[in-house]
Amino acid sequence: MGRRGVVASALSSVIILGAIFAIFWFAPGGPTVRYFFFNPHLMWQAFVGDPHQGLLSVGKGLVTNLWMFTLSEVLVLILGLLIAWVRLSQSPVLFPFRVLATMYTDVFRGVPVLLVMYMVGFGLPELNLGFISNQSPAVYGCAVLTISYSAYVAEVYRAGVLSVPHGQLLAARSVGLTHTATMRRVILPQAVRTVIPPLLNDFVSLQKDTALVSVLGAIEATRAAQIYGDTVFNFSGYTVAAVLFLLLTIPMTRFTDHLIAHDRNRRLAGT
Amino acid sequence: MTEVVLELAGVVKRFDENEVLRGVSITLHRHEVVCLIGASGSGKSTLLRCANLLETIDAGTISFLGQSLQDPRIDPDLVRHHIGMVFQSFNLFPHLSVLNNILIGPVYSLKRRRAEVREEALALLERIGLRDRADDYPDRLSGGQQQRVAIARSLAMRPTLLLLDEVTSALDPTLVGEVLDLLTDLAHQGTTMLIATHEMNFARDVANQVVYLDSGVLVEQGSPEEIFDHPKHQSTRNFLERVR
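What counts as what
Residues numbered from 1 in each chain as written. Chains lettered and ligands numbered in written order. Predicted model: local features only at pLDDT ≥ 70, side-chain atom pairs only at ≥ 80, totals over all residues. Heavy atoms only, no water. Axes fitted to C-alpha atoms, helices over the stretch in contact; angles between N-to-C directions. Helix = DSSP H or I, 4+ residues; strand = E, 2+ residues; numbered from the N terminus. Left-handed = near helix turned anticlockwise from the far one by under 90°. Contact = heavy atoms within 4.5 Å. Pairing = 2+ DSSP bridges. Buried < 20%, exposed > 50% of the residue type's maximum accessible area, 1.4 Å probe, protein only. Buried area = accessible area lost by both parts, 1.4 Å probe. Salt bridge = Lys/Arg side-chain N within 4 Å of Asp/Glu carboxyl O.

1. Quick notes on the packing of helix 4 (residues 58-88) of chain A against helix 9 (residues 179-209) of chain A
Residues and elements named next belong to chain A. Two numbers describe how helix 4 lies on helix 9: the axes approach to 10 Å, and their chain directions differ by 145°. The crossing of helix 4 and helix 9 is right-handed. Across the interface between the two elements, F69, S72, E73, V76 and L77 of helix 4 pack against L199, F203, L206 and Q207 of helix 9.

What follows is the structure in structure tokens.
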């Protein structure tokens, strides 16, 4: 970017950001919104919580989001791979599993996560099935996130494998590699490169969607903010939760963009 | 006569309704080079893929060293240990260095020790004049160099038979020579090869037998002199007229 470019982009940034800020600041209800959403004192109180007033800490709630996210992520990577492997299999014996796997990805990519959350979170306890019906809301939440996101991730894996040119498979089989060895030594190492950016994208989504577990009553950041709001009649807790989610997802989004740009440069360099 | 390596008898291959090979019979002896010529779509590539079981045939038989490949007890992966294949588009593995491209077959198919095969692989690279590129990745090499590596990758398996599918068709004209020279060397050293090619002069130089295919039918086969100088069939004459 030349000097004129720098000046132009700085100027347009100042004007546009300034306009947005002005609209927000000078709107008729501006002071009210600032009081209800951006009250610094209440934001801090929501963040740390106050046991004497029965206020839960949004910050502590986020820890629940974190472990739900981490656990689901690991499970999603495994279950997704399993489903993709079944869908890509060619053995006639696995035909019924292929049909099931296809139905699975169709259904869980189609039904909103929130609805699955209600069905599992309120349905399973009703079954009175001992272990299955006695779990905490957070555990049901992780199960739902795993079930829903595995459908997406399975498709990401599958697209990655299918993106490797057919000639690679022919060449690998021609040097005598078995189907499994071909997958392991030739196809998967090449698929991984294509798969990582979309996979990280899905993980950013998954991080945010841990907030949906609040509908089952798990005390995570969103739920803590809601309780705070209901008690103090102020929404600043929601702002705190939003900022905390951003702090979680932004490093991941930036990293994903970096990988995509890196890959694009590699391709444009003709390598 | 020397030992028969590959024998195709009445081979038929269909893709859905489309009959790509219509009863092709070819016999290939040890140390022999057979060149398949014919227009694009005449079935040359399909025939090669059937020979190393990348495709299954619909009728006829293919036997390799006297053993029928249609026998259900045959393990295709083991057959491919002995039949190498080189492709028009090289198909080197882009995530592996040149050396590892050559080692992958011996190490993971033949389960030989890497340290032991490494010396052989380097000797092969020496032979194709690319010893100093062993640690480079394929995308750093020219098309001709990549194709030579692909040939070395097949040779590392010490195949009984080498199948070559129009291996110079994707190359810049200035790079064709280096690949054909390597193949000519191999032919002189007695490598048994079945070669689909559009390079008529090369076929005339190296082939013991030339086979002309048209729309999946074997029209004519014979010595290079018989096919190129005295073709019996009108369609062979027309084809040779067009490619000259």
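2. Points about the packing of helix 5 (residues 95-110) of chain A against helix 7 (residues 137-162) of chain A
Residue and element names in this part refer to chain A. Between helix 5 and helix 7, whose axes approach to 8 Å, the crossing angle comes to 115°. The handedness of the crossing between helix 5 and helix 7 is left-handed. The segment helix 5 lies against helix 7, with Y104, T105, F108 and R109 engaging T146, I147, S148, S150, A151, Y152, A154 and E155.

3. Focus: the sheet that holds strand 10 (residues 217-222) of chain B
Hydrogen bonds between backbone atoms are what pair the strands of a sheet, whose relative direction is either parallel or antiparallel. All names here are of chain B. If you walk across this open sheet you meet the 6 strands as 6-7-8-3-9-10, and the pairing is mixed. Pairing within the sheet leaves two strands with one partner each, and these edge strands are strand 6 (83-86) and strand 10. The sheet shows a mean angle of 15° between the axes of neighbouring strands, taken without regard to direction. Strands in contact with helix 5 (residues 143-155) are strand 6 and strand 7 (161-165); relative to strand 6, the strand with the most contacts, it is inclined by about 170°.

4. Details of the pairing of strand 3 (residues 33-37) of chain B
Residues and elements named next belong to chain B. With respect to burial, strand 3 is a largely interior element, 5 of its 5 residues being buried. The alternating pattern of strand 3 places V33, C35 and I37 on one face and V34 and L36 on the opposite face, and all of these are buried. Pairing analysis gives 4 bridges linking strand 3 to strand 8 (residues 193-196), with the strands arranged parallel. When the sheet's bridge partners are listed, V34 is paired in strand 8 with L194.

5. Considering the sheet that holds strand 2 (residues 18-29) of chain B
Residue and element names in this part refer to chain B. Here 4 strands make up an open sheet; going across it, the order is 2-1-4-5 and the pairing antiparallel. If you trace the sheet from one side to the other, it starts and ends with strand 2 and strand 5 (67-68), each paired once. Bridging between strand 4 (residues 59-64) and strand 5 involves 2 bridges; their strand directions are antiparallel. The residue of strand 5 that forms the bridge with S63 is S68. On top of the sheet, helix 1 (residues 44-51) reaches strand 1 (4-15), strand 2 and strand 4; it is set at about 60° to strand 2, its chief contact.

6. As for the interface of chain A and chain B
Across the contact, 17 residues belong to chain A and 22 residues belong to chain B. Summed over both partners, the interface of chain A with chain B comes to about 1,700 Å²; 61% of that surface belongs to carbon and sulfur atoms. In terms of surface lost to chain B, no three residues of chain A exceed S174(A), V175(A) and R185(A), which account for 33% of the buried area on that side. Our enumeration of links across chain A and chain B arrives at 1 salt bridge. Its salt-bridge partner being R173(A), residue D77(B) comes within 3.0 Å of it at the nearest N-O pair.

7. Side note on the pairing of strand 4 of chain B
All names here are of chain B. Two strands pair when backbone bridges link them, and strand 1 and strand 4 are joined in this way by 5 bridges, in the antiparallel orientation. Its bridge partner lying in strand 4, A9 is registered against T61. In this structure, the hairpin formed by strand 4 and strand 5 is closed by a connection of 2 residues, where L65 is found at a positive phi of approximately 50°.

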